[in-house]
Amino acid sequence: MFRRTYVSVDALFDEAGRITPISLSLRGQRYGIDQVICHRQAAATKAGVQGMRYTIRIGEHETYLFQDEKQRWFVEEKENVRQIPGD
Amino acid sequence: MKTILHSDCNNFYASVECVYDPTLRDKPVAVCGDPAERHGIILAKNELAKKRGIKTGETIGSAREKCPELTLLPPCGERYVRFSRILRDMYAEYSSQVEPFGLDESWLAIDGGPQEGMELASTLRRRAREKLGITLSIGVSFNKIFAKLGSDMHKPDATTVISTENFREKVWPLPVGELLFIGRSAAQKLNAYGLRTIGDIARANQAALHDILGKNGDTLYDYAAGRDAAPVLALDQADDIKSVGNSTTPAFDIADSLDAQRVVYMLCDSVAERMRKQRVRCTTVTVWLRKTDLSGSTHQMKLPRPTDLSLELSLAALRLLRQVWTGQPLRSLGVQGSGLIFEDDRRIQLSALPDPPAQRAVLLEKTADQLHGRFGKSALFRAILLTGDQRKALQYAADSSLSAANMAAIHRREM
């Protein structure tokens, strides 16, 4: 079972209105986002909700970062398992 | 050459709810209205609930008997509207001719033949799964009617092609009730004359069909034979409104003329405000009634002049009601303005004579619009809605989009 873990995100808003997340904070730890590989509208099939899905890389770890229709950012995490990027 | 697609979201409301809560995917789920508000029917169900015999429109009690473990969810309109908008934007990437048919269905017209239609259908189904997590059934054909029949044929997540070569084999064996715009009563009428399949209609004598169903018989004759030539409207054409209406099923029966007046005034206030926002006036008013035994009737009258005023709509609707209502309790009531004329239409003839009461009504209602816009609906509302019956007062508040808290406060002060 997966859950939505909401995170705070620092993002760059350029003059064309494009949003590029540059870091996220999860359980008090800040992680720089090394690369935004792509982004598109997608359903979060594991934890639910539909929104903009960013495929990001933090170090060697590739994962999804979502922004829902209320502009909140979240990652999908397994319930009862702490998954920290880079572990 | 044009090919027409009809895209239908499978189990739309229930599917959207399962996107928001994936733990529901392996359970029978239905979206339903609120029984306390007398809206306790199934609005949508997922595939697992469908397999257990749950049907749209049946009561919650009946659904629970068939499937005690059924998960019931309230509807969340915002989500469905949002998903619908995302889908339409997606369709618009492929065609400027996109005609919505409700929140979950749309026709698209593209250049090319059935092969191009099939390829696009596959693309749309894949993108809907990835983008939204929902599935589509898509019909591909040479006219709108058969495209819609195609999307109904295989569910979920399928493409069905109905071509000029195969429509006799695929469409004609279907029961008459499957054809668009044939409801239960028309189907029964056709069956009584031995016309049971769509093929029977296509092979029937057109004059005989006209005798049975009037002008609609001529239309159905063409539909059945694949001669529907209606174009898929362009996006901006599809938005043209034909009528503005509102109806309500209150939590209590409408049992006396005072309750009926309150409901009519509320409905007409809403209809008139929306007409003014859209800069249209109506020339015909329609009232529809549903009794507690669920039988209903519809009544219409032409207005002496086009109007967008709640006062004139209300007076006409109440006059209609007095003519047709014999006083038995009503479960629901609706009012609609149709025969719309747009503000820049020269058919709106200004009277040569001054009409002070009408001018005062215009000023009052436009002022009310401004106050509502600035301070909310509770800033100004009809005194007739104040009643000693708390339950009715809250219902009127809900139907008028008034703040329930404000209504309660006014109540305590005035009663």
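Our subject is the structure listed above.
Just so it is clear, the model here is predicted, and its values are computed rather than measured.

> What should I look at first to understand the overall build of chain A in this one?
The number of helices and strands found in chain A is zero helices and seven strands. Counting helices and strands in the order they occur from the N terminus, chain A gives β-β-β-β-β-β-β. Compactness check: chain A gives a C-alpha radius of gyration of 12 Å against a globular reference of 12 Å for 87 residues, within 12% of the reference. With the principal axes as the frame, chain A shows a C-alpha extent of 40 × 25 × 20 Å. Residues classed as buried in chain A amount to 18% of the 87 residues present.

> Hey, could you run me through the overall build of chain B in this one?
Helix and strand counts for chain B come out as 17 helices and 13 strands. Sequence-distant contacts in chain B: of pairs separated by 6 or more residues, those separated by 24 or more amount to 59%.

> In this structure, what is going on with the sheet that holds strand S6 (residues 105-111) of chain B? I would like to understand it.
Across a sheet, paired strands are connected by hydrogen bonds in the backbone, their directions being either parallel or antiparallel. Residue and element names in this part refer to chain B. Strands sit in the order S5-S6-S1-S7-S8 across an open sheet of five strands; the sheet is mixed. Looking at which strands have only one partner, the edges of the open sheet turn out to be strand S5 (98-100) and strand S8 (158-161). Taken over all neighbouring pairs, the strand axes of this sheet differ in orientation by 20 degrees on average, direction set aside. For strand S1 (residues 2-9) and strand S7 (residues 136-141), the ladder comprises six bridges, and the chain directions are antiparallel. Its bridge partner being in S7, aspartate 8 is matched across the sheet by serine 137. Taken strand by strand, helix H5 (residues 114-132) contacts S1, S6, S7 and S8, and its axis lies near 170 degrees from that of S7.

> Explain the pairing of strand S7 (residues 73-78) of chain A to me, please; I cannot follow it from the model alone.
On a regular strand, each side chain points to the face opposite its neighbour's, so the side chains alternate between the two faces of the sheet. Residues and elements named next belong to chain A. In this sheet, S7 lies alongside strand S1 (residues 2-13) in antiparallel orientation, the contact comprising six bridges. By the bridge assignment, tyrosine 6 is partnered in S7 with phenylalanine 74. With antiparallel pairing between neighbouring strands as the criterion, strand S6 (residues 61-68) and S7 make up a hairpin whose turn holds four residues, including glutamine 71 at a positive phi of roughly 70 degrees.

> How do you make sense of the interface of chain A and chain B when you look at a structure like this?
By convention, interface size is frequently given as the accessible area that disappears when the constituent parts associate. Counting residues at the interface gives ten residues for chain A and eleven residues for chain B. In terms of residue count, strand S4 (residues 35-43) of chain A provides more of the side of chain A that touches chain B than any other element does, three residues in total. Of the residues belonging to the side of chain A that touches chain B, the class tally is four nonpolar, four polar and two charged.

> What is the right way to look at helix H13 (residues 257-277) of chain B in this model?
Given 3.6 residues per turn, any residue in an α-helix points the same way as the ones three and four places further on. For H13(B), with 21 residues, the first-to-last C-alpha span of 30 Å sits near the 30 Å given by 1.5 Å per residue. Phi turns positive one or two residues past the end of H13(B), at Arg279(B), with a value near 60 degrees.

> Mind showing me how you'd approach the sheet that holds strand S4 (residues 71-73) of chain B here?
Residue and element names in this part refer to chain B. Read from one edge of the open sheet, three strands run S3-S2-S4, paired in mixed fashion. Taken across any chain shown, the strands that pair with only one partner, and hence form the sheet edges, are strand S3 (42-45) and S4. Sheet twist, expressed as the average angle between the axes of neighbouring strands with direction ignored, equals 30 degrees. Where strand S2 (residues 29-32) and S4 come together, three bridges link them in parallel fashion. Bridge pairing in S4 links valine 29 to threonine 71.

> What's the story with the packing of H13(B) against helix H14 (residues 310-324) of chain B in this structure? I'm lost.
When two helices pack together, their arrangement is given by the angle between their axes and by how far apart the axes lie. Residue and element names in this part refer to chain B. Running from amino to carboxyl end, H13 crosses H14 at an angle of 140 degrees, the nearest separation of the two axes being 9 Å. Considering their axes alone, H13 and H14 lie oblique with respect to each other. Note on packing geometry: the crossing formed by H13 with H14 is right-handed. Across from Ala260, Gln261, Val264, Tyr265, Cys268, Asp269, Val271 and Ala272 in H13, the residues of H14 making contact are Ser310, Leu313, Ser314, Ala317, Leu318 and Leu321. Tallied by class, residues from the contact of H13 with H14 come to ten nonpolar, three polar and one charged.

> Just checking my understanding: could you explain the nonpolar core for this structure?
Soluble globular proteins tend to pack their nonpolar side chains together in the buried interior. Residues and elements named next belong to chain B. One finds Leu5, Ala30, Ile201, Leu220 and Ala224 to be the most contacted residues of the largest nonpolar core, which totals 72 residues. At six residues, helix H1 (residues 12-20) tops the list of elements feeding residues into this core. Counting contributing residues, this core receives three or more from each of domain 1 (1-162) and domain 2 (172-224). By size, the runner-up hydrophobic cluster in this structure holds 25 residues, among which are Ala260, Cys268, Met275 and Cys282.

What counts as what
- Residues numbered from 1 in each chain as written.
- Chains lettered and ligands numbered in written order.
- Predicted model: local features only at pLDDT ≥ 70, side-chain atom pairs only at ≥ 80, totals over all residues.
- Helix = DSSP H or I, 4+ residues; strand = E, 2+ residues; numbered from the N terminus.
- Rg over C-alpha atoms; globule rule 2.2 N^0.38 Å.
- Buried ≥ 20, exposed ≤ 12 C-beta atoms within 10 Å, placed from the backbone.
- Contact = placed C-beta atoms within 7 Å.
- Pairing = 2+ DSSP bridges.
- Axes fitted to C-alpha atoms, helices over the stretch in contact; angles between N-to-C directions.
- Nonpolar A, V, L, I, M, F, W, Y, C, P; charged D, E, K, R; others polar.
- Expected span 1.5 Å × (residues − 1).
- Parallel < 35°, antiparallel > 145°, perpendicular 65-115°, else oblique.
- Left-handed = near helix turned anticlockwise from the far one by under 90°.
- Core = buried A, V, L, I, M, F, W, Y, C linked by C-beta atoms within 7 Å.
- Domains from an automatic or database assignment.

These results come straight from atomic positions and should not be treated as a statement about function.
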